Protein chains: 2
Amino acid sequence: MGLTIKEVSEKYGIPSETLRYYERVGVIPPVTRTAGGIRDYGEEDIAWVENAKCMRAAGLPIEALIEYLKLYREGDSTFQARFALLSEQRELLLAQKKQLEETLDRLNYKISRYALAMETGKLTWE
Amino acid sequence: MGLTIKEVSEKYGIPSETLRYYERVGVIPPVTRTAGGIRDYGEEDIAWVENAKCMRAAGLPIEALIEYLKLYREGDSTFQARFALLSEQRELLLAQKKQLEETLDRLNYKISRYALAMETGKLTWE
DNA sequence: CCTTGACTTTGAGTTAACTCAAAGATATAT
DNA sequence: ATATATCTTTGAGTTAACTCAAAGTCAAGG
């Protein structure tokens, strides 16, 4: 009654191969199966997929996701380790964001100069 | 009177191999040389290195930098093309920034839940 | 029943951006 | 003069994260 792999693939724009790959290497837990052994993505499964998609889109390495899932499956004794893992990744993202902003500033400056240059026909300094 | 490749490498934390690679593929223009043919990075050369470092740190593809330099060396007739190129890259960075913020939100939420869980000993919902 | 899609395993291929190595020739600093 | 750094070219190796293909089996919908 859940979604097939194809449906999940289309809904989230993730190739079926990648979904299987994520499951195989442990980015997401084993997906619920039908009696016949076919993947039948339930709400939980989909939440994991969604999460993986979000984290990957921001550039978290697959290794971090794999490690997180591993800890998750080990139970409550890994709260601290999971907390540390997520905190570390947050630091990395914050650094990345800062870098992005720096680069955007530089890009904006250049772009504004080109806008001007295109009016006057020449770059006014540099 | 400028800097040697080693000095630039150390100053910017970019391996010498990468500096030569950037020059070879056209991420930066040919570097000034001594009479003996050894690279002698002047202010301009260094400005290009700095720029490449910044852009790469934000994830701009090398291809974009190569294309930019190619246009740059073609002269004033490419203002518009350069403007377009930079604008496109800016759009990509803005999208990336948005994604980063989304992911940070999700990460912060999770982290706060773990902080709570570590006090109380269990995850309070999910 | 038949077609279409899903399943598995295995292994190779791809892309970006380096990164390293080898070889032999010069150059520079002490 | 000598030790250390640079130079060139060429080509192979690396890493991450997929991506594709082959081969053969199985399941589900009409």
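**A word on the interface of chain B and chain A**
Here comes step 1: Listed per partner, the contact involves 39 residues of chain B and 39 residues of chain A.
Here comes step 2: For the pairing of chain B and chain A, the buried interface totals around 3900 Å² over both sides, and the portion due to carbon and sulfur atoms is 73%.
Here comes step 3: Considering only the side of chain B, the residues that lose the most area to chain A are Phe79(B), Leu100(B) and Tyr114(B), jointly responsible for 17% of the buried surface there.
Here comes step 4: Linking chain B to chain A there are two salt bridges.
Here comes step 5: Mapped onto the side of chain B that touches chain A, the elements with two or more residues apiece are helix 3 (43-57), helix 4 (62-74) and helix 5 (79-120) of chain B.
Here comes step 6: At 26 residues, the largest contribution of residues to the side of chain B that touches chain A is made by helix 5 of chain B.
Here comes step 7: In terms of residue class, the side of chain B that touches chain A is made up of 20 nonpolar, nine polar and 10 charged.

**A word on the protein's contact with DNA strand C**
Here comes step 1: Taken together, 17 residues lie near DNA strand C, and Lys6(A), Arg20(A), Arg33(A), Tyr22(B) and Arg56(B) sit nearest.
Here comes step 2: At 2.9 Å, a side-chain N or O of Arg33(A) approaches a phosphate oxygen of DNA strand C.
Here comes step 3: Among the secondary structure elements, those contributing two or more residues to the surface near DNA strand C are helix 1 (5-12) of chain A together with helix 2 (16-25) of chain B.
Here comes step 4: With three residues, helix 2 of chain B is the single largest residue contributor to the surface near DNA strand C.
Here comes step 5: Partitioning the surface near DNA strand C into residue classes produces eight nonpolar, four polar and five charged.

**Concerning the side chain of Lys110(A)**
Here comes step 1: Turning to its location among the elements, Lys110(A) is positioned in helix 5 (residues 79-120).
Here comes step 2: For Lys110(A), a relative accessible area of 13% translates into the label buried.

**What to know about the packing of aromatic side chains**
Here comes step 1: For the coordinates displayed, the defined rule picks out 12 aromatic pairs over all chains.
Here comes step 2: Arranged with centres 6.4 Å apart and planes meeting at 35°, the rings of Tyr68(A) and Tyr72(A) form a pair that is tilted. Of this pair, Tyr68(A) and Tyr72(A) both sit in helix 4 (residues 62-74), four residues apart, roughly one helical turn.
Here comes step 3: Ring geometry for Trp48(B) and Tyr68(B): centres 6.5 Å apart, planes at 50°, overall tilted.

**Topic: helix 1 (residues 5-12) of chain B**
Residue and element names in this part refer to chain B.
Here comes step 1: Restricting attention to buried positions, one finds in helix 1 the residues Ile5, Val8, Ser9 and Tyr12. One side of helix 1 holds all its buried residues, which, seen down the axis, span an arc of 100°. Exposed side chains of helix 1 directed beyond 90 degrees from the buried face belong to Lys6, Glu10 and Lys11.
Here comes step 2: For helix 1, the secondary structure elements touched by its buried residues are helix 2 and helix 3.

Definitions and limits used
Residues numbered from 1 in each chain as written. Chains lettered and ligands numbered in written order. Predicted model: local features only at pLDDT ≥ 70, side-chain atom pairs only at ≥ 80, totals over all residues. Heavy atoms only, no water. Contact = heavy atoms within 4.5 Å. Buried area = accessible area lost by both parts, 1.4 Å probe. Salt bridge = Lys/Arg side-chain N within 4 Å of Asp/Glu carboxyl O. Helix = DSSP H or I, 4+ residues; strand = E, 2+ residues; numbered from the N terminus. Nonpolar A, V, L, I, M, F, W, Y, C, P; charged D, E, K, R; others polar. Near = heavy atom within 4 Å. Polar contact = N/O pair within 3.5 Å; in protein donor to acceptor, adjacent residues only side chain to side chain. Buried < 20%, exposed > 50% of the residue type's maximum accessible area, 1.4 Å probe, protein only. Phe/Tyr/Trp six-rings, centres within 6.5 Å; stacked < 30°, edge-to-face > 60°. Arc of directions from axis to C-beta.

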